[in-house]
Amino acid sequence: MLDPKFVRENPDVVKEATRVKRVGSPEMVDSWLAIDATRRNVQAQSDNLRAEQNRLGEQVGRMKRELRGQSSPELEQLLAAANGIKEKQEALSADRTRLEAEAQALMLQLPAIPDPSWPVGKDETENVVARVWADPERPPLRLENGRKDHVALSKALGIVDFERGVKLAGSRSYVVRGLGARLYWAVLRFAQEMLIGRGYEQMVVPVLVSEECMIGTGYFPTGRDQAYITQDGSALVGTSEVPLASFYGEEILELDQPIRLCALSTCFRREAGAAGKDTAGLYRVHQFDKVEQVVIHRADDAEHIQLHEEIIANAEAILQALRLPYRVSMNCTGDMGQGKWRMYDIEAWMPSRNGYGETHSGSALRDFQSRRLNLRYRDKAGGGKGETRFCYTLNNTAIACPRVLISIMEQYQNADGSVTVPDLLRPYMGGIEVIR
RNA sequence: GGAGGAAUGGCCGAGUGGUUGAAGGCGGCGGUCUUGAAAACCGUUAGACGGGGAACCGUCUCGGGGGUUCGAAUCCCUCUUCCUCCGCCA
């Protein structure tokens, strides 16, 4: 959510953001401005009436005490005047409620302003690659000379059962079994330990959350159709970013240093609108497990950038430790999404795609989420008690399964169809070196 | 699932219709005293919205929403959360 003052003072900047982000529209900005102007006018009227009403009420109280239950013409007159104001007030307050709701509905759909230094573009094809990494000893593989994709590999090894997964839960479902399941959890546990070692607090959080959390983190109301919603109105999260970022919502924090959080959680995504896309294999599924990083800190752009680089570096360190080739790209404005200020995707090499596939997504949102979440801190920079300000929030994937298993299985496959276990994962798998 | 009870400021805790945005205490901040510190004493200490260059003014907020009333922290309805007891249960 944007700062209303900012929208009033810089409508053209916001309109430009709707264009480059392809979120909302310039017309929405104009509608908001018009409604906001009316709303403020109605509030001023309503506040004045209310002040008058309060004054009369006080007079009535004083007079009643003096009269000790007696009546008087003056009292009757006061009561009549108070009733008159009350009627006007009721009409105005209905307007006010309606205008506030309309303004809020529009505001929730307006995009955050992207960092001007980030690439402008229409979609993911215009993202800009920032860097590419590969271990010289484990360069990106091509599927030739009998090398198999992860579907064939995992079926032959009996470690993923797609057919029975579909039998149990429909399309995009799967069952990981045996050593596959051990590998699955090894990856997640490894990533989790890495973050803990880097000062991130491990959290176990709800994956079934209230609508407020979904709105607060920016996944609702736009994107509602991407979430599974229960008959109680709660939603299954598509990422633990939702509960982690919402954790301190409605609070005013004493923020001495950035709050670094991480959580391993199951994630649920409907993938509505993706019918027919990536249907085979483990790439695009309805349910997966992910270790997520979330950072909450004070409103400072330099620190924001530094922390953004930090959470990206954490993810890169995990991929490097697994010796998986990857590239980091800057998401262009059209591929960023509504709330982002800066966004990187990290894509690991996937031989079956003969290209890179997105495995991580790391965003810097400035105060977009914290305004929605009403997540604030006391800024003591000026000394004393300090002003309250909205926090800045960031998030990035640490690792997600099963998607990264595509890279691992395909990159680590051997000529005989077995899969070597990356050495750092072996301690998490009882020392097993090869899946065969 | 059934029966009761509760929700007040950073925390604890008064307050059952009229200068109560809210006593008192703790904590925080500033000061007096002190060589320094502690203690003691004095002062100060919520957030949001609107108006104004500013000093400042107005409004809203006592879990959320609605109602009664000239006037609600206080009365009524409703929702949420927590506690106690019973039942069920991984």
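Each remark here, short or long, concerns the structure printed above.
Figured I'd write up the structure that's included with this text. (Residues numbered from 1 in each chain as written. Chains lettered and ligands numbered in written order. Predicted model: local features only at pLDDT ≥ 70, side-chain atom pairs only at ≥ 80, totals over all residues.)

### Topic: the overall build of chain A
Logical step 1: When helices and strands are counted, chain A shows twelve helices and 18 strands.
Logical step 2: Projected onto the principal axes, the alpha-carbon positions of chain A cover approximately 105 × 45 × 45 Å. (Helix = DSSP H or I, 4+ residues; strand = E, 2+ residues; numbered from the N terminus.)

### Here's the deal with the sheet that holds strand β9 (residues 259–268)
Note on sheets: strands pair through backbone hydrogen bonds, and any given pair is parallel or antiparallel.
Logical step 1: Read across the sheet, eight strands follow the order β1-β11-β12-β13-β16-β10-β9-β4 without closing on themselves; strand pairing throughout is mixed. The sheet is open, and its two borders are formed by β1 (128–133) and β4 (201–203), each paired with just one other strand. Mean inter-strand twist for the sheet, computed between neighbouring axes without regard to direction, equals 25°.
Logical step 2: Alignment of β9 against strand β10 (residues 287–297), held across ten bridges, turns out to be antiparallel. Opposite Ser265, over in β10, you have Lys290 as the bridge partner.
Logical step 3: Lying on the sheet, helix α10 (residues 301–321) is in contact with β1, β10, β11 (326–330), β12 (342–350), β13 (355–364) and β16 (392–401); it crosses β16 at an angle near 5°.
Logical step 4: Contacts from helix α12 (residues 403–411) reach β10, β12, β13 and β16 within the one sheet, and its direction differs from that of β12 by about 35°. (Pairing = 2+ DSSP bridges. Axes fitted to C-alpha atoms, helices over the stretch in contact; angles between N-to-C directions. Contact = placed C-beta atoms within 7 Å.)

### Thoughts on the pairing of β16
Logical step 1: Taking burial as the measure, the ten residues of β16 include ten buried ones, the bulk of the element.
Logical step 2: Pairing of β10 with β16 involves nine bridges; the strand directions are antiparallel. Counted as the bridge partner of Gln293 is Asn396 from β16.
Logical step 3: Bridge count for β13 against β16 is three bridges, and the pairing is antiparallel. The residue bridging Ala364 from the neighbouring strand is Leu394, located in β16. (Buried ≥ 20, exposed ≤ 12 C-beta atoms within 10 Å, placed from the backbone.)

### Some details on the nonpolar core
Logical step 1: One finds Leu183, Val187, Ala191, Ile399, Val404 and Leu405 to be the most contacted residues of the largest nonpolar core, which totals 97 residues.
Logical step 2: In terms of residue count, the dominant contributor to this core is helix α7 (residues 178–197) (ten residues). (Core = buried A, V, L, I, M, F, W, Y, C linked by C-beta atoms within 7 Å.)

### Section: unusual backbone geometry
Logical step 1: With an omega of 0°, the peptide bond running from Phe220 to Pro221 counts as cis.
Logical step 2: Here Pro221 lies in the loop between α8 (211–216) and β6 (228–229).
Logical step 3: A positive phi is found at Glu250, a non-glycine position, where the angle reads about 70°.
Logical step 4: Along the chain, Glu250 falls in the loop between α9 (241–246) and β8 (252–253).
Logical step 5: You can call Glu250 exposed: it has 11 C-beta atoms within 10 Å.

### So, the protein's contact with RNA strand B
Logical step 1: Surveying the vicinity of RNA strand B reveals 22 residues, the closest of which are Ala51, Gly57, Val60, Gly61 and Ala82.
Logical step 2: With 14 residues, helix α3 (residues 26–67) is the single largest residue contributor to the surface near RNA strand B. (Near = placed C-beta within 6 Å.)

### Topic: the pairing of strand β14 (residues 376–379)
Logical step 1: The pairing of β8 with β14 spans two bridges and is parallel. Its bridge partner being in β14, Ile252 is matched across the sheet by Arg376.
Logical step 2: The pairing of β14 with strand β15 (residues 387–390) spans four bridges and is classified as antiparallel. Bridge pairing in β15 links Asp379 to Glu387.

### Some thoughts on the environment of Ile229
Logical step 1: Considering the arrangement of structural elements, one finds Ile229 in strand β6.
Logical step 2: Residues Ile229 and Glu211, 18 residues apart in the sequence, show an inter-C-alpha distance of 9.0 Å.

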